[in-house]
Amino acid sequence: MLSLVIITALLAFTRGKPCADTEGSNSELLLSLSKDLLRSLDGQEGLPNPSVHLALRLSNSHNLVKESEHLNRLKNHLHNDIQNSLSNSQSVTGLLALYTLALKSSCYDLNTITFAVSETRETLLTHLKKQMELEKEHIAFSHRPLTNYYQYSLGVLALCASGIRVNNHVSNKLIKAVEHEHFRHGDTESTDMYAMAGMALQCVKDAGSHVHNAAELDTALSKIKQKLLAARRTDGHIGNEFSTGLAVQALLAMGSPVAECAASMEAMRTDARANKYENPMAVSQILPALHQKSYLTVKVKECLDEDDTLVLEPLDPVVVLPSTTKVAVMVEVVTSSGTAALYPVDVPKGSSLLEALELLSAKNDGFTFEKESSLWGPFLSAVNGEQARQSDRRYWHLSSDGTALSQGVSDFKIEAAQKIAIKNTTY
Ligand code: B12
């Protein structure tokens, strides 16, 4: 009887504070995710990642020396990369926005950051505003942004969180895109895009600058919330494993009671404990949500009296030997004209799809591929000499036995025999 009373009391307690960090194990999990991100800074190939920086800065425990080293790398390497893209007139809205949010999360003076284009030097925020104007004009002309609505929303959010008044025409285009449900990821609705738009438009609402269409802004925010709640699965995820973090961030930013996200938080914690978030980019999008924060909180970040206790213990080196068990993979390539070709290859169990494609191209059966680097890792850009370009609104879509992959070539692991389809698809 006594134990029943205790269990009932405990249940009532946890129900009353559903998202709160009531158990020590939860704070240990948050610490271990921060450490994973911190470790990823050292092992990083290519550009320093502004999304990882942002997540570290929004966490409760810090390693201020490593964070400041990383800030310097962003200001050098990422800065140079963006400078080159701007000089070549490439669209870099999303990267500029993430860079802005990362600097802001470190309370860095944004007015001191400049880029020179055509011999004119202007601040980061001026360039971001210009990119947003180009994006807006492109929507007016062809009904889609130059990049995508995820980056468009990131741009609105970064300007707004930096205290810049977002042009009404720019936010209106986002409101209209919500109304007309233009948020697609391939052939499905994009939860990530709704989430990012939710944070962006909530920031605009809080800034109080969007007075002319206040009612339309509220309707868009309600619709986003309804879309996110409708995308909840029975296992707690919103959209899929990799959109849940952004979705929870958006719900929190839009003022949802924490109770509404309890199941989603738990789903992410379960995934994290099962090591499903190996990609630092994935961790960087869920960690703020697990801290019950959103990207919107950078707006008020002060960087005072920060806890500086996050230390990395040396890890025992783990040697992973390739499995001796082989699995049969059939790779099907479907080109833009619809012609299909099949390529069989046996790969060690547990290989990544990238390793499988490398083995296949080494067989000289006529299969070749190219990849481009991105914040999420290698993006498959060309197969058998055929490019699937963003400029043509095409990409190589990946699926396994008819189900779309929710990971890219370097993260997806091959555990059993299957048919992988790589299809040149329009979006
Ligand atoms: C827009 C988008 C796309 C567009 C990109 C082109 C465009 N219109 O701009 C398209 C439709 C082509 C696309 C394709 C895919 N995508 Co996508 N995409 C996104 C989205 C919504 C925004 C990306 C973005 O602009 N980021 C902002 C900029 C600043 O960052 P960036 O890294 O420079 O952006 C580039 C890369 O992210 C790249 N990219 C887009 N998707 C993916 C996926 C992978 C695995 C990689 C390596 C790169 C990549 O395209 C971006 C624009 O150039 C994200 C959502 C998110 N939470 O991040 C999903 C997301 C990154 N995509 C995802 C997936 C799974 C895919 C696909 C593998 C789907 C499939 N089954 O084929 C393919 C990639 C296949 C390949 N060829 O390698 C997952 C990745 C999860 C993971 N653990 O890896 C995400 C997180 C969505 C989700 N919640 O499931 N995507």
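Scroll up to find the structure.
Our subject in this report is the structure included herewith. Numbering of residues begins from 1 in every chain and follows the order in which that chain's sequence is written. Confidence filtering applies because this is a predicted model: local features only for residues at pLDDT of at least 70, side-chain atom pairs given and counted only at 80 or more, and all residues used for totals across whole chains, interfaces and linings. Note that water and hydrogens are dropped before the side-chain values are worked out from all heavy atoms of the structure.

1. Considerations on the overall build of the protein chain
Helix and strand content of the protein chain: 14 helices and 14 strands. It is over C-alpha atoms that the radius of gyration is taken, and the globule rule equals 2.2 Å times the number of residues to the power 0.38. What you see for the protein chain is a C-alpha radius of gyration of 23 Å, in line with the 22 Å of a compact globule of 427 residues. Contacts are assigned to residue pairs with any non-hydrogen atoms lying within 4.5 Å of each other. Long-range pairs, those at least 24 residues apart, make up 64% of the contacts in the protein chain with a sequence separation of at least 6. Only the protein chains shown count as cover for residues, with accessible areas throughout obtained via the Shrake-Rupley method and a probe of 1.4 Å. In the structure as shown, the protein chain presents an accessible area of about 20500 Å², 53% of it carried by carbon and sulfur atoms. Note on conventions: DSSP H or I runs of at least 4 residues are helices, E runs of at least 2 residues are strands, and numbering of each starts at the N terminus.

2. Observations concerning the sheet that holds strand β11 (residues 394-400)
Spatial strand order, β6-β5-β14-β11-β12: 5 strands in an open sheet with mixed pairing. What marks the edges here is a single partner per strand, and that holds for β6 (340-348) and β12 (403-404). Note: two strands are recorded as paired if DSSP finds a minimum of 2 bridges between them. Pairing analysis gives 9 bridges linking strand β5 (residues 326-334) to β6, with the strands arranged antiparallel. Note on β6: the bridge partner recorded for Val-331 is Tyr-343. Comment: axis = line fitted to C-alpha atoms, over the contacting stretch for helices; angle = value between 0 and 180 degrees taken between N-to-C directions. Strands β5, β6 and β14 (418-426) of the sheet are contacted by helix α14 (residues 353-362), whose axis makes an angle of about 110 degrees with β6.

3. Brief notes about the site of the ligand
Around the ligand, the surrounding shell holds 30 residues, and the nearest of these are Asn-148, His-185, Asp-192, Asn-240 and Leu-398. In the analysis that follows, any N or O atom pair within 3.5 Å is treated as a polar contact, provided that within protein one partner can donate a hydrogen and the other can accept it, and provided that, for residues neighboring in sequence, both atoms belong to side chains. In this structure, an oxygen atom belonging to the ligand sits 3.3 Å away from a side-chain N or O atom of Gln-390. Contact between the ligand and Tyr-427: a nitrogen atom at 3.1 Å from a side-chain N or O atom of the residue. Of all elements in the fold, only α5 (93-105), α7 (149-161), β9 (377-383) and β11 reach the threshold of two or more residues within the shell around the ligand. Charged residues are taken to be Asp, Glu, Lys and Arg, nonpolar residues to be Ala, Val, Leu, Ile, Met, Phe, Trp, Tyr, Cys and Pro, and polar residues to be all remaining types, Gly included. Considered class by class, the residues forming the shell around the ligand number 14 nonpolar, 15 polar and 1 charged. Near, as used in this document, describes a residue that has one of its heavy atoms within 4 Å of the molecule or strand being considered.

4. Observations concerning the state of the cysteines
We call a pair of cysteine sulfur atoms a disulfide when they lie within 2.5 Å. Summed over all chains, the structure comprises 2 disulfides. Covalently, Cys-107 is tied to Cys-303 through a disulfide, its sulfur atoms 2.0 Å apart. What sets the handedness of the Cys-107 and Cys-303 disulfide is the S-S torsion sign, and at about 85 degrees it is right-handed. In this pair, Cys-107 sits in the loop between α5 and β1 (114-117) while Cys-303 sits in the loop between α13 (280-290) and β5, placing the two residues 196 residues apart along the sequence. Judged by its relative accessible area of 35%, Cys-107 falls in the partly exposed class. The exposure class assigned to Cys-303 is partly exposed, which follows from its relative accessible area of 23%. Shown here is the disulfide that connects Cys-160 with Cys-203, its sulfur atoms set 2.1 Å apart. Handedness here is read from the sign of the S-S torsion; for Cys-160 and Cys-203, about -95 degrees, the answer is left-handed. Residue Cys-160 is found in helix α7, and its partner Cys-203 is found in helix α9 (residues 191-207); the two are separated by 43 residues along the sequence. Here Cys-160 matches Cys-203 in class, with each residue buried. Each residue is placed in one exposure class: buried if its accessible area under a 1.4 Å probe, protein chains only, is under 20% of its type's maximum, exposed if it is over 50%, and partly exposed if it falls in between.

5. Side note on the coordination of the cobalt atom of the ligand
When only protein atoms are considered, the cobalt atom of the ligand has one donor, His-185 (NE2), at a distance of 2.3 Å. For Na, K and Ca the donor cut-off is 3.2 Å, and for all other metals it is 2.8 Å, counting N, O and S atoms only; because water is absent from this set, sites may look incomplete. Any site counts as irregular unless it has four donors with all angles between 85 and 135 degrees, making it tetrahedral, or four or six donors with opposite ones more than 155 degrees apart and the rest between 65 and 115, making it square planar or octahedral. Bound by 6 donor atoms, the cobalt atom of the ligand shows angles of 83 to 175 degrees at the metal and therefore octahedral coordination geometry. As for its position among the elements, His-185 is in strand β3 (residues 184-185).

6. Structural notes on the side chain of Arg-57
Take Arg-57: it is sitting in helix α3 (residues 50-57). The exposure class assigned to Arg-57 is buried, which follows from its relative accessible area of 5%. Within polar-contact distance, the side chain of Arg-57 engages the backbone oxygen of Ser-105 at 3.0 Å.

7. Remarks on the pairing of β11
For β11, the tally of buried residues reaches 5 of 7 residues, placing the bulk of the element in the interior. Sheet topology places β11 next to β14; 7 bridges connect them, and they run antiparallel. Its bridge partner lying in β14, His-397 is registered against Lys-423. Looking at chain direction, β11 and β12 are connected through 2 bridges and run antiparallel. When the sheet's bridge partners are listed, Ser-399 is paired in β12 with Ala-404. Counting the residues in the hairpin turn of β11 and β12 gives 2 residues, including Asp-401, whose phi is positive at 45 degrees.

8. Quick word on α13
Summarising burial for α13: 10 of the 11 residues are buried, a large majority. Considered for burial, the residues of α13 that qualify are Met-281, Ala-282, Val-283, Ser-284, Gln-285, Ile-286, Leu-287, Pro-288, Ala-289 and Leu-290. Taking the backbone nitrogen of Met-281 as reference, a side-chain oxygen 3.0 Å away marks Asn-279 as the first, capping residue of α13. Positioned one or two residues after α13, Gln-292 has a phi angle of 60 degrees, which is positive.

9. Describing the pattern of salt bridges
A pair is scored as a salt bridge if a Lys or Arg side-chain nitrogen falls within 4 Å of a carboxyl oxygen belonging to Asp or Glu. Counted under the stated rule, the structure contains 21 salt bridges. Residue Glu-179 is joined to Lys-176 by a salt bridge in which the shortest nitrogen-to-oxygen separation is 3.5 Å. Here Glu-179 and its partner Lys-176 are both found in helix α8 (residues 168-179), 3 residues apart, which amounts to about one turn of the helix. Salt bridges here are not isolated pairs; linked through shared partners, they connect Arg-57, Glu-67, Lys-301 and Glu-306.

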